[in-house]
Amino acid sequence: MTAIVDEFRWRGLIAQSTDEDALSKALANGPVTFYCGFDPTAASLHVGHLVQVLTLRRLQQAGHRPLALVGGATGHIGDPRPTAERTLNDPETIAQWVTRLRAQIEPYLSFEGDNAATMVNNMDWTAGLSVIEFLRDIGKHFRVNKMLTKDSVAQRLASDQGISYTEFSYQLLQAMDFRELYRRYGCTLQTGGSDQWGNLTAGLDLIHRLEPDAEVHALATPLMTKADGTKFGKSETGTLWLDPEMTTPYAFYQFWLNTDDRDISRYMRILSFKSREELEELEKTTEERPQARTAQRALAEELTTLVHGADQCAAVIAASKALFGQGELADLDEATLAAAVSELPHSKVSELGLVTDLFAEVGLVASKSAARRTVKEGGAYVNNAKVTAEDAVATADQLLHGRWLVLRRGKKNLAAIEVTAA
């Protein structure tokens, strides 16, 4: 437990802390009960949440006791976004999402032993609370001028949309959560992303007002960003969700495999459970042989296994290899192949015909004459089989799972054809 703050610092996991020395001492003298909250504002967590889930896991592995809060109450409001008001969801949907998020978080934590994790729901202490009680017991301890300084609030106030009182009051609810967990479980540390800093410190202030002798802490991890300026966790098809039905394991694996060399070291330190020595060796390899993408493959395999399991990881690795001629496409199961095909340029046709026509149809070449030239030069492949005749016709017996053809021009240019009913 004594080295966890040093480990977090080396990994770049500390963006802000109320008092790093005091926190280090508390963790060294632990175990410390700590919590992180997740609001059910969607049907799944995404990779941005993964940083927080893995932070819970790291602290538990260091001997501390995690409380994972899924906000059945705060999920009705949602933390204010910088740009616009959130869409409010109905109670039945939120209840379903609470169950889904709990199921996603639980596999990362241990619920046995002296520092067993506990799942909590802030609906337990807010459902019976009246508006008068909330304003009298909680609201009177907050100063509006200080609440206005929160970044997301300030940005919204400066916008045309403004901010509703509902979202403005969110920080009071999160502050109340920390105070309740302090009273019920002896929780003295809250973790979260750096964009949550205003909410984290609001909880500290409330506890100090109501429990003057309490020693409580807040730790914010940095927001993950990309070197090219685009948002972390965004792929070409949108947000990278942890639910395999919303983001396939194949797409998840490919996201990490395609990580920019400028980002991979930072991502590995924050997300990987490999040792410092292993990570430094991977960083050295990236610097010396970036074209090998050894670090990206290592992180992609580790995280895909962690989130989706070893079998799914093996399946997507096999698919990645098979697409580029290093395995049998026919051996891939239909779901994995479908996920892989969805990541490729692809076209739908009602009937098959000349291979050269299909190459042009899907955009692998600029024209049918260019397609014929590709065949003549030996660079055209259908399902990894070289096409040798310019007048070759694709046939139904070539279809993978009765639906797809994978076309390849040269070594790296891929596309797919899906045959649909006329």
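Computed from a prediction, not measured in an experiment: that's the story for all the values here.

How each quantity is defined
- Residues numbered from 1 in each chain as written.
- Predicted model: local features only at pLDDT ≥ 70, side-chain atom pairs only at ≥ 80, totals over all residues.
- Heavy atoms only, no water.
- Buried < 20%, exposed > 50% of the residue type's maximum accessible area, 1.4 Å probe, protein only.
- Helix = DSSP H or I, 4+ residues; strand = E, 2+ residues; numbered from the N terminus.
- Pairing = 2+ DSSP bridges.
- Expected span 1.5 Å × (residues − 1).
- Arc of directions from axis to C-beta.
- Phe/Tyr/Trp six-rings, centres within 6.5 Å; stacked < 30°, edge-to-face > 60°.
- Domains from an automatic or database assignment.
- Contact = heavy atoms within 4.5 Å.
- Buried area = accessible area lost by both parts, 1.4 Å probe.
- Salt bridge = Lys/Arg side-chain N within 4 Å of Asp/Glu carboxyl O.

**A few points about the pairing of strand S12 (residues 404-409)**
Thinking step 1. Burial of S12 is extensive: 5 of the 6 residues sit out of reach of the surface.
Thinking step 2. Inspection of the sheet shows strand S10 (residues 380-382) paired to S12 by 3 bridges, in the antiparallel sense. The residue of S12 that forms the bridge with Tyr-381 is Arg-408.
Thinking step 3. Sheet analysis places S12 next to strand S13 (residues 413-419), joined by 6 bridges and oriented antiparallel. Pairing of Leu-407 across the sheet is with Ala-415, part of S13.
Thinking step 4. Following S12, the chain reverses through 3 residues before pairing antiparallel with S13; Gly-410 in that reversal takes a positive phi of roughly 70°.

**Observations regarding helix H14 (residues 276-288)**
Thinking step 1. Between its first and last C-alpha, H14 extends 18 Å over 13 residues, near the 18 Å set by a 1.5 Å rise per residue.
Thinking step 2. Buried within H14 we find Leu-279, Leu-282, Glu-283, Thr-285 and Thr-286. Burial along H14 is one-sided: seen end-on, the buried residues are contained in an arc of 160°. Of the exposed residues in H14, the ones pointing more than 90 degrees away from its buried face are Glu-277, Glu-287 and Glu-288.

**Quick look at the packing of aromatic side chains**
Thinking step 1. The full count for this structure, using the stated rule, is 8 aromatic pairs.
Thinking step 2. The interplanar angle of 55° and the centroid separation of 6.5 Å between the aromatic rings of Tyr-165 and Phe-168 together place this pair among those described as tilted. Separated by 3 residues within a single helix, Tyr-165 and Phe-168 lie in helix H9 (residues 165-168), roughly one turn from each other.
Thinking step 3. Given a relative accessible area of 56%, Tyr-165 falls into the exposed group.
Thinking step 4. Residue Phe-168 is classed as buried on the basis of its relative accessible area, which comes to 12%.

**Regarding the domain arrangement of the protein**
Thinking step 1. Split by domain assignment, the protein resolves into domain 1 (4-223), domain 2 (224-342) and domain 3 (344-421).
Thinking step 2. The C-alpha-based centres of domain 2 and domain 3 are spaced at 27 Å.
Thinking step 3. Domain 2 puts 15 residues into the contact, and the matching count from domain 3 is 14 residues.
Thinking step 4. Approximately 1,200 Å² of surface area, both sides summed, lies buried where domain 2 meets domain 3, with 68% of it carried by carbon and sulfur atoms.
Thinking step 5. The tally of links from domain 2 across to domain 3 stands at 1 salt bridge.
Thinking step 6. Where Glu-334 meets Arg-403, a salt bridge forms, and the shortest distance between an N and an O atom there is 3.6 Å.

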